[in-house]
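# Descriptive analysis of the structure
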Amino acid sequence: MKFYSAVVSLLSALVLSEGFGVSPQRSSLVSVRSGSVSLSSTAEKTDGKKAGDDAPPVNLGWDTHQAIDEAPESLVREEDGPDGNYPMRAKMEKMLREAQISITKGIAEIDGASDFQEDCWTRENGGGGMSRVLSGGNVFEKAGVNLSVVYGSMPQEALQAATERGVDRAKGMAPGERVPFFACGLSSVMHPRNPFCPTMHFNYRYFETDGGVWWFGGGTDITPSYVNEDDMKHFHGTYKEVCDRHDPNYYKEFKAWADRYFKIEHRGETRGLGGIFFDDQNDREPEKLFEFAKDAVNHVLPAYGPIIEKHKNDEFTQQQKEWQLMRRGRYVEFNLVYDRGTVFGLKTGGRIESILMSLPETARWEYNHIPVEGTPEYDLIDACKNPREWL
């Protein structure tokens with residue numbers, strides 16, 4: 001039986017954010033290894049506390065911003081956005097900046113051939129971002145880590161997209177009224193070349209909306225093309241240890257949440273083999289949730305790095321490479337149809353290049369491709385259709 005197949009080239013851009021792509025005002029491209037950080041401090045102040053005319057523009061691309069040379073120490077300013085917990089905003093940004101630096105440094109060392117490039121920008125009505133992207137590497141086809149600080153107002157349906165289904169963060173607002181908000185997050189996707197090296201995604205974020213409403217969200221998940229139980233025990237075991245340090249129920253709850261969230265409904269299977277996922281967390285002191293998010297993001301490299309080091313030089317066949325590309329096709333389907341961050345970015349006038357940077361450079365779809373029972377490919381499909389307990 002002949003299968004019709006197509007290999008598609010998808011967007012390759014300078015910035016990445018699954019959840020916080022926003023319209024840039026100005027930008028700069030510098031080398032991470034140079035030790036310099038370039039973010040604009042020239043954004044003009046607008047009243048971000050009122051919904052209405054300050055809604056961000058839509059569909060701005062990479063060619064709508066200009067190079068900058070200097071960076072503010074922080075993108076968080078007390079005069080911007082809705083009233084809220086300003087110290088936590090600044091603390092979250094600082095922690096995520098430090099995590100971005102350490103993670104990109106570690107991934108560049110694993111790759112050994114390519115370095116992350118940095119793209120920095122600000123928004124006219126407050127906030128901005130700093131994206132680091134590695135492409136054409138020895139180990140990674142594309143890897144990106146994006147930091148964003150976002151002020152603005154959003155439609156109520158965008159707020160719904162940014163939160164867990166059934167959570168009404170716009171309760172009491174008039175129909176059509178926009179919601180002033182603040183968001184700070186670090187988002188990443190890593191797409192390795194070798195079919196035995198899994199794709200990895202993480203996102204850690206902090207939200208505030210008008211009226212003092214706040215919550216934390218995030219998680220780290222893994223998307224292999226082949227099942228390796230030792231790798232999954234290591235990855236899930238690392239995050240169980242993180243979870244157990246903060247709440248003995250976290251791992252069981254957040255692992256199950258990831259299995260539900262990353263399901264591709266029209267396929268009846270998950271995007272990958274899970275990890276942890278959580279959202280709308282405000283059931284305890286902000287400081288405790290902050291410490292959990294910090295612990296989790298700082299264990300991205302310990303959870304993922306050893307798996308890549310183990311498999312980056314594994315031999316593989318053309319057939320195995322094609323299978324990896326087909327699994328990337330599933331990744332694309334989830335991100336474009338279901339991903340909460342993608343929907344949020346598009347509904348808030350997000351920067352298109354940033355939002356879609358999570359997509360791989362290449363993917364593949366074959367008509368009605370069904371793996372043969374008993375093969376490693378079939379085993380992966382079974383694990384995606386029937387989520388397993390790895391510990």
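### Here's the deal with helix α3 (residues 229–244)
- Taking 1.5 Å of rise per residue, 16 residues should cover 22 Å, and α3 covers 21 Å from first to last C-alpha, within 8% of that figure.
- Looking only at α3, the buried set comprises Asp231, Met232, Phe235, His236, Gly237, Thr238, Tyr239, Val242 and Cys243.
- Close packing links the buried residues of α3 with β7 (199–209), β8 (213–223), α4 (250–261), β11 (275–281), α5 (286–297) and α6 (300–311).
- Where α3 begins, the capping side chain belongs to Asn228, and its oxygen is found 3.1 Å from the backbone nitrogen of Asp230.

### Considering empty space enclosed by the protein
- Going through the model one piece at a time under the given rule, you end up with three cavities of 30 Å³ or more.
- As for the second largest cavity, its lining consists of 16 residues, and the residues nearest its centre are Asp259, Thr270, Gly272, Leu273 and Gly274.
- Mapped onto the lining of the second largest cavity, the elements with two or more residues apiece are β8 and α4.
- Along the lines of polarity and charge, the residues of the lining of the second largest cavity split into seven nonpolar, four polar and five charged.

### Description of the packing of helix α1 (residues 86–111) against α6
- Contact geometry of α1 with α6 gives a least axis separation of 11 Å together with a crossing angle of 10 degrees. When the axis of α1 is compared with that of α6, the two are roughly parallel. Of α6, the residues touching α1 (which contributes Ser102, Ile103, Gly106, Ile107 and Ile110) are Val300, Leu301, Tyr304, Gly305, Ile308 and Glu309.
- Split by residue class, the contact of α1 with α6 holds seven nonpolar, three polar and one charged.

### Observations regarding the nonpolar core
- Membership of the largest hydrophobic core comes to 72 residues, with the highest contact counts inside it found for Met92, Ile103, Phe140, Met190, Phe202, Tyr204 and Tyr239.
- Here this core takes nine residues from α1, the largest share from any one element.

### Comments concerning the layout of surface pockets
- By volume, the largest pocket amounts to about 260 Å³.
- In terms of lining, the largest pocket is formed by 16 residues, of which the most central are Arg267, Met326, Arg330, Glu366 and His369.
- When residues of the lining of the largest pocket are traced back to their parent elements, those giving at least two are α7 (318–337), β12 (362–366) and α10 (376–385).
- With six residues, the top contributor of residues to the lining of the largest pocket is α7.
- Of the residues contributing to the lining of the largest pocket, the split by class is five nonpolar, three polar and eight charged.
- Reported here for the second largest pocket is a volume of approximately 200 Å³.
- What lines the second largest pocket is Gln319, Glu322, Trp323, Met326, Glu366, His369, Ile370, Pro371, Val372, Thr375 and Glu377.
- With four residues, α7 is the single largest residue contributor to the lining of the second largest pocket.

### Things to note about the environment of Gln281
- Mapped onto the elements, Gln281 comes out in strand β11.
- In this structure, the C-alpha to C-alpha distance between Gln281 and Trp214, residues 67 residues apart in sequence, is 8.5 Å.
- Sequence-distant contacts of Gln281, that is, excluding residues within four places in its chain, are made with Trp214, Trp215, Phe216, Phe254, Trp257 and Leu289.
- Separated by 2.9 Å, the side chain of Gln281 and the backbone oxygen of Asp279 make a polar contact.

### Overview of unusual backbone geometry
- Backbone geometry at Asp280 places phi at a positive 55 degrees, although glycine is not the residue there.
- Assessed through its relative accessible area of 11%, Asp280 is described here as buried.
- A positive phi angle, close to 55 degrees, is found at Asn368, a residue other than glycine.
- Here Asn368 is to be found in the loop between β12 and α10.
- Residue Asn368 is classed as partly exposed on the basis of its relative accessible area, which comes to 44%.

How each quantity is defined
Residues numbered from 1 in each chain as written. Predicted model: local features only at pLDDT ≥ 70, side-chain atom pairs only at ≥ 80, totals over all residues. Heavy atoms only, no water. Helix = DSSP H or I, 4+ residues; strand = E, 2+ residues; numbered from the N terminus. Expected span 1.5 Å × (residues − 1). Buried < 20%, exposed > 50% of the residue type's maximum accessible area, 1.4 Å probe, protein only. Contact = heavy atoms within 4.5 Å. Polar contact = N/O pair within 3.5 Å; in protein donor to acceptor, adjacent residues only side chain to side chain. 1 Å grid on protein atoms, 1.4 Å probe; cavity = no way out; pocket = protein on both sides within 12 Å on 5 of 7 lines; lining within 4 Å. Points joined across faces, edges and corners; volume = space filled by probe spheres on them. Nonpolar A, V, L, I, M, F, W, Y, C, P; charged D, E, K, R; others polar. Axes fitted to C-alpha atoms, helices over the stretch in contact; angles between N-to-C directions. Parallel < 35°, antiparallel > 145°, perpendicular 65-115°, else oblique. Core = buried A, V, L, I, M, F, W, Y, C linked by side-chain atoms within 4.5 Å.

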